[in-house]
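Fold and contact review
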Amino acid sequence: MNIFIILGMGAAVGFLSGMFGVGGGFLITPLLIFYNIPPVVAVATGANQVVASSISGALSHFRRGTLDVKLGTVLLVGGLAGATVGIWIFSLLRSLGQLDLVISLLYVVLLGTVGTLMLLESIRALRRAAANQPVSLRRPGQHNWVHRLPLKMRFKKSKIYLSVIPVVGLGFGIGILTSIMGVGGGFIMVPAMIYLLRIPTNVVVGTSLFQIIFVTAYTTVVQATTNYSVDIVLAFILMVAGVIGAQYGVRVGQKLRGEQLRALLALLVLAVGARLAVDLVVTPEDIYSIVSEGVYR
Amino acid sequence: MRAVAALCLVIGLAVPALGWAQEDKPAEFPEKLEIGISTDEIAISSDFRGADLTIFGAIEGYDPSLLAQSKYDIVVALEGPKDNNTVRVKERIFGIWVNRRSMTFELVPESYSLSSTRDVETIAAPPVLNGVGVGIQHIRLSPVGYLGDGSNLTEFRDAFRRLKESGGFYQRDPGGVQFISASLFKATVKLPANVPNGTHVVRAHLFRDGVFIAEKALPLRVMKTGIEQMISNAAYNQSFAYGAFSVMLAVLTGWLASVVFRKD
């Protein structure tokens, strides 16, 4: 393992995450897998790295008052339950020898979907800009089926009166993703909170980061105790490089045009997904493999 | 660092051989095997690139005429710590390579380094070697909870041996055992660079004209040292504290970054 490659990886992903305001977990884990880190380790270490990259963002949102702790806590209840179930699935898949395959498949689906949606969206935005059309904002005020569910709760900071069922459910789903894929899940949680739950945009990012910190921290501890798969040295190198890279990413991101950048990120996401897909299809060097019970010891 | 290895002793002392070393030997053979290594513990640092371990030994109560005809053969094996190992085979399903069939072998050594007076296959007949369980081709590979018809047992055993050999965990050196006097011999076994941590066993076997007649075993602890091993030990033995510390380190890194790069 070359420390400079890991540093470069962390810095590059940190730079991108700062530039686009994404967590970066969904890029770190596949990159580690490409670098022949066992997927078990890549996922657990990725979750640990996300803790660090989410903290500074959450702190600044908290200072600015754009973090709804009550809403975040309800999300977290679902998140912790989801992560618990996720780790159980993770260990089961591992004992069946299907873990690496499932991680790769999930990433192919996830990166393919997110990349395609982002690419389409940025192409539309570029066309609009070229035609000089004003951006048409969808009204997020309208109610949908989600708002007819029972068990409603008032979230003062978000100025919203909402059933806890979809909030816990969303947290649960994200918790499963966190534990199986080593991602924070912000790239799914943020749009779902805005478009599905109609939560005001200004509190969405801070609140999702709040949930991410605790769920990734919990996942790290549970992975460490059940699968012994957290590599603290690897995680630390990634964290340090990542938080520094993110600072520069933020600065560059403020100067460049958003649509083109988003199109570039979309292409990168699609490329990573395509590489994982190719690895699933290409005939492996050896179709046999050995695993000992005290693996990676 | 170089693994210290050497040995000593042995000959002539009328020390009664330890019972456990010979209990499963038929009593009618007068020959006994003695081996010795200078240490029962080897410390290995993180820059270890592999080393040779030398084991000295002697045949006692030998028949001089048989010795003169080179009828005695010695096989020395360094067996690593044992663990259950699962071999899996991938098959293509809808274009994707998926692990399908598998077989778990019960308590097989993680590493196995063999040294002998000549190629093990020529020392004794396969059934004899299988019975003793000596030689990469004859090591005991018994499947756990296996209920099949045995038709693919060979396939998985062969794959296991091949992968272990290509990974450098299983090695053999025909000619690694040399007689340095009439009955005193020296065996060189290799410790691979990725030698597993734990208790290994040096096991010496004596064959006379293709017949297995004596065995002697000595434990050898391999202890990895250095910061990497300390971290690895913590991850396994204090896994909760290790996980909690990983999280704390992340919180600290994230918080420090927000302080250092704070703009407002």
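Analysis parameters
Residues numbered from 1 in each chain as written. Chains lettered and ligands numbered in written order. Predicted model: local features only at pLDDT ≥ 70, side-chain atom pairs only at ≥ 80, totals over all residues. Heavy atoms only, no water. pLDDT = per-residue confidence, 0-100. Helix = DSSP H or I, 4+ residues; strand = E, 2+ residues; numbered from the N terminus. Contact = heavy atoms within 4.5 Å. Axes fitted to C-alpha atoms, helices over the stretch in contact; angles between N-to-C directions. Parallel < 35°, antiparallel > 145°, perpendicular 65-115°, else oblique. Left-handed = near helix turned anticlockwise from the far one by under 90°. Nonpolar A, V, L, I, M, F, W, Y, C, P; charged D, E, K, R; others polar. Buried area = accessible area lost by both parts, 1.4 Å probe. Salt bridge = Lys/Arg side-chain N within 4 Å of Asp/Glu carboxyl O. Buried < 20%, exposed > 50% of the residue type's maximum accessible area, 1.4 Å probe, protein only. Pairing = 2+ DSSP bridges.

Observations concerning the confidence of the model for chain B
Residues and elements named next belong to chain B. Mean pLDDT for chain B: 83, with 87% of residues reaching 70 or above. Considering each helix and strand of chain B separately, the mean pLDDT is smallest for helix α1 (residues 19-22), with a value of 42, and largest for strand β7 (residues 112-116), with 93. Scored below 50 in pLDDT, residues 1-23 shows 38 contacts in the model against residues more than four places distant or in partner chains.

Some words on the packing of helix α4 (residues 69-96) of chain A against helix α6 (residues 164-181) of chain A
All names here are of chain A. Look at α4 against α6: their axes get within 6 Å of each other, and the N-to-C directions meet at 40 degrees. When the axes of α4 and α6 are compared, the pair comes out oblique. α6 is crossed by α4, and the crossing has right-handed handedness. Classifying every residue of the contact of α4 with α6 gives 16 nonpolar, 7 polar and no charged.

Some points on the interface of chain A and chain B
Of the residues lining the interface, 48 residues belong to chain A; the matching set on chain B comes to 43 residues. Of the roughly 4100 Å² buried at the junction of chain A and chain B (both faces included), carbon and sulfur atoms supply 63%. A per-residue breakdown of the area chain A buries against chain B is headed by I232, Y288 and I290 of chain A, which together make up 17% of the total. If you look at where chain A meets chain B, you find 1 salt bridge.

Observations concerning the pairing of β7 of chain B
Residue and element names in this part refer to chain B. For β7, a buried count of 5 out of 5 residues is recorded, marking the element as mostly surrounded by other parts of the structure. Burial of β7 is two-sided: the residues Y112, L114 and S116 facing one way and the residues S113 and S115 facing the other way are all buried. As defined by bridge partners, strand β4 (residues 72-79) adjoins β7 across 5 bridges and the pair is classed as antiparallel. Paired with L78 across the two strands is S113, which belongs to β7. Note that β7 and strand β8 (residues 170-174) share 5 bridges and pair parallel. Bridged to S116 within β8 is P174.

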